[in-house]
Amino acid sequence: MIGERMKVASLALLLFAAPFIGCSRTVAPPKIVEITGDDFMKFSVTSFDAKPGQSVTVKLRNVGELPREAVAHNWVLLAKEAFAPKFVEAGTSHPEGGYIAFEQEFYVLAKTKMLGPGESDSVTFTAPGVPGAYDYLCTFPEHYAGGMKGVMTVRP
Ligand SMILES: [Cu+2]
């Protein structure tokens, strides 16, 4: 009987204390970044900041009018270890994978769908805990070379 009460009491204490245990710094509130892509192979946002561990939602909209066979866009966030030009090059022969090569998938931290004109998609992810610059880009052929890229900077 007493044991049961102790169990309930310690559970209540744990629930109360849980948010404070191991949490010397507070996690930043969720962030929403709205980005558009156009027929000129440009993102409307080419840099933004995030806090380590912050929940980030990127909403991408293709505001262009050209048919998706000619111009489509996605938003792909890469790990720090990735080398963007090589990543993009490897993907050009993989339209079935959104122009992302299967063997390069592990570099992808977050991505949206490939979008035709007027389409939108969003992706929510947790910003990496390691501060630094993280490249993002569109994998549609020639778009990275045309300047469709940006940087998410993680700073504490
Ligand atoms: Cu694009």
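Higher on the page you've got the structure.
Basis of the calculations
Throughout this description, residue numbers start from 1 for each chain and increase along the sequence as written. For a predicted model such as this one, the threshold for reporting local features is a pLDDT of at least 70, and the threshold for listing and counting side-chain atom pairs is 80 or more; totals across whole chains, interfaces and linings nevertheless cover every residue. Each side-chain value is derived from all of the structure's non-hydrogen atoms; neither hydrogens nor water enter the calculation. In short, DSSP must find at least two bridges between two strands for them to pair. The numbering of helices and of strands both runs from the N terminus, where a helix is a DSSP run of H or I of at least 4 residues and a strand a run of E of at least 2. Each axis is a line fitted through C-alpha atoms, and for a helix only the stretch in contact is used; angles between axes span 0 to 180 degrees, taken between their N-to-C directions. For this document, the term salt bridge refers to a Lys or Arg side-chain nitrogen within 4 Å of an Asp or Glu carboxyl oxygen. Three exposure classes are used, based on accessible area relative to the maximum for each residue type with a 1.4 Å probe and protein chains only: buried under 20%, partly exposed in between, and exposed over 50%.

*Asks:* What exactly am I supposed to notice about the sheet that holds strand 3 (residues 55-62) here?
*Replies:* Pairing between the strands of a sheet is mediated by backbone hydrogen bonds and can be parallel or antiparallel. Here three strands make up an open sheet; going across it, the order is 1-3-6 and the pairing mixed. With partners counted over all chains shown, the strands left at the sheet margins are strand 1 (31-37) and strand 6 (120-126), one partner each. If you compare each strand with its neighbour and ignore which way they point, the axes differ by 20° on average. Two elements, strand 1 and strand 3, share seven bridges in a ladder whose sense is parallel. Following the sheet pairing, Ile 35 is matched in strand 3 by Leu 60.

*Asks:* Would you take a moment to explain unusual backbone geometry for this structure?
*Replies:* Outside of glycine, negative phi angles account for most residues, and trans bonds account for most peptide bonds. The residue Met 41 is not glycine, and still its phi comes out positive at about 60°. Mapping Met 41 onto the fold places it in the loop between strand 1 and strand 2 (47-50). Residue Tyr 99 is not a glycine yet carries a positive backbone phi of 60°. Relative to the assigned elements, Tyr 99 resides in the loop between helix 2 (84-91) and strand 5 (108-111).

*Asks:* Mind showing me how you'd approach the pattern of salt bridges here?
*Replies:* Close approach of charged atoms lets side chains of opposite charge pair. This model, assessed by the stated rule, comprises three salt bridges. Two residues, Arg 155 and Asp 49, come together in a salt bridge whose shortest N-O distance is 2.8 Å. Here Asp 49 lies in strand 2 and Arg 155 lies in the segment after strand 8 (149-154), a separation of 106 residues in the sequence. When its relative accessible area of 33% is taken as the criterion, Asp 49 is described as partly exposed.

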